[in-house]
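So the chains spell out like this:
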Amino acid sequence: MTIKDCNAMQQIIACEGEFEIKEVDHVGTNLQLLPKLRFLKLENLPELMNFDYFSSNLETTSQGMCSQGNLDIHMPFFSYQVSFPNLEKLEFTHLPKLKEIWHHQPSLESFYNLEILEVFCCSCLLNLIPSYLIQRFNNLKKIHVYGCKVLEYTFDLQGLDENVEILPKLETLKLHKLPRLRYIICNEDKNDGMRCLFSSQTLMDFQNLKCLSIQDCAYENNEEGHVNTPIEDIVLFGEKVSFPNLEELKLVDLPKLKMIWHHQLSLEFFCKLRILSVHNCPCLVNLVPSHLIQSFQNLKEVNVYNCEALESVFDYRGFNGDGRILSKIEILTLKKLPKLRLIICNEDKNDNMSYLLSPSKFKDFYQLKELHIIDCGMLLDEEVSCPPNLEVLVLKSLPNLKEIDVGIFAKLKILRLEKLPRLRYTFASQSKNFHNLKGLHIIDCGMEAERDVSTPSNDVVLFNEKGDDVKSLFLLCGMLGYGDISLDLLFQYCMGLDLFDHMEPLEQATNKLVRLVEILKASGLLLDSHKDRHNFDEKRASSLLFMDANDKFVRMHGVVREVARAIASKDPHPFVVREDVGLGEWSETDESKRCTFISLNCRAVHELPQGLVCPELQFFLLHNNNPSLNIPNSFFEAMKKLKVLDLPKMCFTTLPSSFDSLANLQTLRLNGCKLVDIAVIGKLTKLQVLSLVGSRIQQLPNEMVQLTNLRLLDLNDCMFLKVIPRNILSSLSRLECLYMTSSFTQWAVEGESNACLSELNHLSYLTALDIHIPDANLLPKDTLVENLTRYAIFVGNFRRYERCCRTKRVLKLRKVNRSLHLGDGISKLMERSEELEFMELSGTKYVLHSSDRESFLELKHLEVSDSPEIHYIIDSKDQWFLQHGVFPSLESLVLNSLRNMEEIWCGPIPIGSFGNLKTLHVTFCGEMKFLFFLSTARGLSHLEEMTIADCNLMQQIIVYETESEIKEDGHAGTNLQLFPKLRSLKLSSLPQLINFSSELETTSSTTMRTNARLENSFFSHKVSFPNLEKLILNDLSKLKDIWHHQLLFGSFYNLQILRVYECPCLLNLVPSHLIHNFQNLKEMDVQDCELLEHVIVPQGIDENFEILLKLETLKLTNLPRLRWIEDGNDSMKYVSSPLTLMNIPNLKEVRIEDL
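What you see is a predicted model; the values in this text were computed from it and never measured.

What counts and what doesn't
Residues numbered from 1 in each chain as written. Predicted model: local features only at pLDDT ≥ 70, side-chain atom pairs only at ≥ 80, totals over all residues. Heavy atoms only, no water. Helix = DSSP H or I, 4+ residues; strand = E, 2+ residues; numbered from the N terminus. Buried < 20%, exposed > 50% of the residue type's maximum accessible area, 1.4 Å probe, protein only. Areas by Shrake-Rupley, 256 points an atom, 1.4 Å probe, with all protein chains shown as cover. Pairing = 2+ DSSP bridges. Expected span 1.5 Å × (residues − 1). Contact = heavy atoms within 4.5 Å. Axes fitted to C-alpha atoms, helices over the stretch in contact; angles between N-to-C directions. Disulfide = S-S within 2.5 Å. Parallel < 35°, antiparallel > 145°, perpendicular 65-115°, else oblique. Left-handed = near helix turned anticlockwise from the far one by under 90°. Nonpolar A, V, L, I, M, F, W, Y, C, P; charged D, E, K, R; others polar.

Colleague: How would you sum up the overall build of the protein? Please name residues and give values.
Modeller: Check the secondary structure of the protein and you find 13 helices and 63 strands. Split into buried and exposed, the 1155 residues of the protein put 53% on the buried side. Carbon together with sulfur atoms contributes 47% to the accessible area of the protein, which is approximately 49800 Å² in total.

Colleague: Break down the environment of Q706 for me, with residues and values.
Modeller: Mapped onto the elements, Q706 comes out in the loop between β39 (689-691) and β40 (712-714). Put simply, Q706 and G682 are 24 residues apart on the chain and 5.6 Å apart in space, counted from C-alpha to C-alpha.

Colleague: How would you summarise the pairing of strand β34 (residues 619-624) if you had to cite specific residues and measurements?
Modeller: Among the six residues in β34, five count as buried, and that is most of the element. Sheet analysis places strand β33 (residues 597-602) next to β34, joined by six bridges and oriented parallel. For N601, the partnering residue across the bridge sits in β34 and is H623. With three bridges connecting them, β34 and strand β35 (residues 644-646) associate as parallel partners. By the bridge assignment, L621 is partnered in β35 with D646.

Colleague: Please give an account of the sheet that holds strand β30 (residues 527-528) that cites residues and values.
Modeller: The sheet built from three strands is open, its strands ordered β29-β31-β30 with antiparallel pairing. Strand pairing shows two members of the sheet lacking a second neighbour, β29 (485-486) and β30, which therefore form its edges. In this sheet, strand β31 (residues 553-555) lies alongside β29 in antiparallel orientation, the contact comprising two bridges. Residue pairing across strands places I485 opposite V554, the latter belonging to β31.

Colleague: Help me get a handle on unusual backbone geometry, residues and values and all.
Modeller: The backbone of K177 shows a phi angle near 55°, a positive value even though the residue is not glycine. In this fold, K177 is placed in strand β10 (residues 172-178). Given a relative accessible area of 37%, K177 falls into the partly exposed group.

Colleague: Before we move on, could you go through helix α4 (residues 506-522) and cite the residues and values that matter?
Modeller: Helix length check: α4, at 17 residues, gives a terminal C-alpha distance of 24 Å against a target of 24 Å (1.5 Å per residue), a fit within 8%. Looking at the buried residues of α4, the elements they touch are α2 (468-478), α3 (487-496), β30, β31 and β41 (737-739). G524 sits one or two positions beyond α4 and adopts a positive phi of about 80°.

Colleague: Talk me through the sheet that holds strand β11 (residues 183-186); I want residue IDs and the actual numbers.
Modeller: Within the open sheet, the three strands sit side by side as β7-β9-β11. Their pairing is parallel. Strands with a single pairing partner mark the edges of an open sheet, and in this sheet they are β7 (127-129) and β11. On average, each strand axis in the sheet is tilted by 30° relative to the strand beside it, whichever way the strands run. Direction of pairing for strand β9 (residues 153-156) relative to β11: parallel, over a ladder of three bridges. Each bridged residue has a counterpart across the sheet, and for Y153 the counterpart in β11 is Y183.

Colleague: Account for the state of the cysteines, with residues named and values stated.
Modeller: Per the stated rule, a full pass over the model turns up zero disulfides. C121 carries a free sulfur, and the closest cysteine sulfur to it, the one in C148, is 7.2 Å from it.

Colleague: Requested: an account of the packing of α2 against helix α5 (residues 558-568), with residues and values cited.
Modeller: Look at α2 against α5: their axes get within 8 Å of each other, and the N-to-C directions meet at 115°. As far as their axial angle goes, α5 and α2 are roughly perpendicular. Crossing angle aside, the handedness with which α2 passes α5 is left-handed. Residues K471, F474, L475 and G478 of α2 lie in contact with α5, whose contacting residues are V560, R561, A564, R565, I567 and A568. Classifying every residue of the contact of α2 with α5 by side-chain character gives six nonpolar, one polar and three charged.

Have a look at this one:
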């Protein structure tokens, strides 16, 4: 039977006639109700008083319905007539009027077969099982009581014979959220020192109890009128409690629990306990005392959380040490124990080092598999030593930990180290074997040594049965020394080591590498580069393959590197990092014959041995600072499986003849080498990656035509390369990437002996190209490599610093005549470019034409400079642009030295054009009188930075072109809603500029001229710029007043930097009525303003009001008319009144010069 959510129900069974009432009232009557009932659940019945209780005051309505007089009296829920002899499970939930469950005189077999009793959220229940009924429940197996606010005791044993067995079959007892619980067992036992929750009068009680859970109990004082009376400290178990079969004990949220075990408990008690969990017991001072340490021979798991007073976990003091103790413990978790000093407290002394686990007690934890120690701040240990069979080790937030001795480490599967600021390194005391390691997380460690370490804390399982690629990349990074590691370098190594599918396009392979790197970074195993990713460094610039990656360089923490190298050194195919000293002897060892990876540091020797016997070697990296180091011709003969060879900064007249033994070589890097004859590489027919970056090679050998499997050729910075024989490039039929930045520029025309650009059209797989073409006349008239997805093509004479790139598709043209030179191939690339730059462009009035056939959907950056023939960027009156729009993705527009440019665009801007523009720079455009129409400006909602400088005729930034716009401007309270995201505005050297926005009149001939209204303020009352942070006004000769006297609410509210230079007509800077608008201002710098009289005018402001709360820097230079303030008490004059400076509380720097 289940009765649930019946809000008006008062009883389950009611009597309807006089005869039934008399029958019920007859003593000894058994109602024999529901004799086969096995399950009864009553839930959420707020008015339920009892199950069947009746008396002679029952009233019957005319409809035959019964009603009770006053049912709200204290009575048992079940009357003495109810027996339920077969009931097995009884569950009460949310019965607020339930005070007492059982009648004091039940029938003989009442509830005899009850096995499960659950009572939840019965707020008025006073007790659970009274003494006179305790023997009725000998079949009870499970009791769960939760949320009974006034329950004081669970079992009443008062008056019972000591020889009676109590609840002999009970296996599970859970008591949760019982704030007024005083006793679990109520009897005559007394304890003067502290209250005992569980005090049994006989050892025969609860013999089969296996699981005991007590949570959030015994924390309220239940003595009315004594609110401030402290509750005495609690001990859980009395001296007569044995629980010989208890397997799990869970204690949670017991604020007054001071001791768990009585000091006189016998060693035979609790001998089967397997799991001990103690959470949130702030007064607990001891977990396992010394006199009971031998009782817990079957203990397997211990979890202790948030026990503020606990100082030690296991007390060994006084134990003689004969035999193992706690020999079966497998899991130990300690978390948020701020006063914990020792896990094991004994008499061990160590003058030099303190240990979490005393080394002499390793044998006691021989079976320990998981150890978690988290946020135990008082631990003084500098070193952690771990048991030999450990599989999971988690150490987090231990501020004093410096070293970790991981022992044999042979069985370790998960290692997580997090927030260990003093950790220097890990070390293995016996051997560095990590055969089973599947998860490795090292996050925010060694912060005191490397304070700029910043890693995410995402918890990602790194190594598993399917994580071979991630693990291989991790081990590879660990071998690559210190400092930053470029993704280009990793990519070339991974290509040679077959980490990617041979048939996989390089574009997909780069995406895979980025994913693997992100997995490693998410676990803290790789870190971001030291360099600021937003600061471009041309020497560190990445290749096109990774141009759109967020981070192009990574690095590895020293702790992680040591772990990686220890893992990599394992059998059967170790990775080896070693010095050159003793290299010959080492080559005769078994390790050299097994190793697959060698990273060799050459420091002392001038010549390597004749050869290394490394038949399994796949990777050889030479770190060399000695330009005269000699590699013998036979050195590589015994490395026939070698796949990756990296020999930087070597001097080779000819490459060693043993190169022809490297038939399986796939990646060859000779960066920075002095090379003359490299013809032998023609025999490396499996070669996929060849990098000669920064080498001094002058001519590529004809033998390179045999490298038909080559997929990446990097010739960047080969500044001496003058000769590439004809047909070499066209013969590299599988080539996908060709890099030639600051390299070969001697492109020939058809029929000459050197390489010509038309050869590139034979490379059907080529998708990434970086080249410099010095003369536009060399451009082919037809297609230039149709399949390019990444390119950086520079046509014309560009200096090195001008060849920087921000995107993966870049085209820069210098001294190009659009009417003559732009063939079909370059035009197509221009339409797909993300970055376009034109310098000294001629042969056109417009930069871009509708004949280009595209709307430049992917263009992000456009720069045009030094092109006097240019009048407009586009002809926006052209029907193509009007229909399709233009530049929907453009982020930055730079216009420089376009002396005849009249407007940015001719005519209205099509809808959807320039909508993503963030940066606009216009300089030295002498014919421009205004920048935008109002309608255009409103479409630039993402603009963040604007710089306008050296435009001699510019009168306004924004003009109105229609009557409706003029009327709108005149309407009070209108906000023009211009540039809501603008953060930086710089206006410099604009001698005719009167104001920011004004009306425009149109003549009958549609020639536009400005009619700038002679207002005093530069910014009208319609302009707000709510996100502007930096405002620079320089050399504006007609600027008189910056701000309108009626600015809109929130105008310029986020302004932080205000700089005003060389504005000779400016009269004042911050008037009193606007001082409240600039509460975020941090820097104010004013120079060379000849008529300026006031900087800050505090007139009319309350003396107690703090102004410019965040202003830190105030600089005033060469302001000859700045008015002095004369103090009436003496003849002194002040630049600023003392009151004003006192009201600027955070001012740190004041600089005043040449006043």
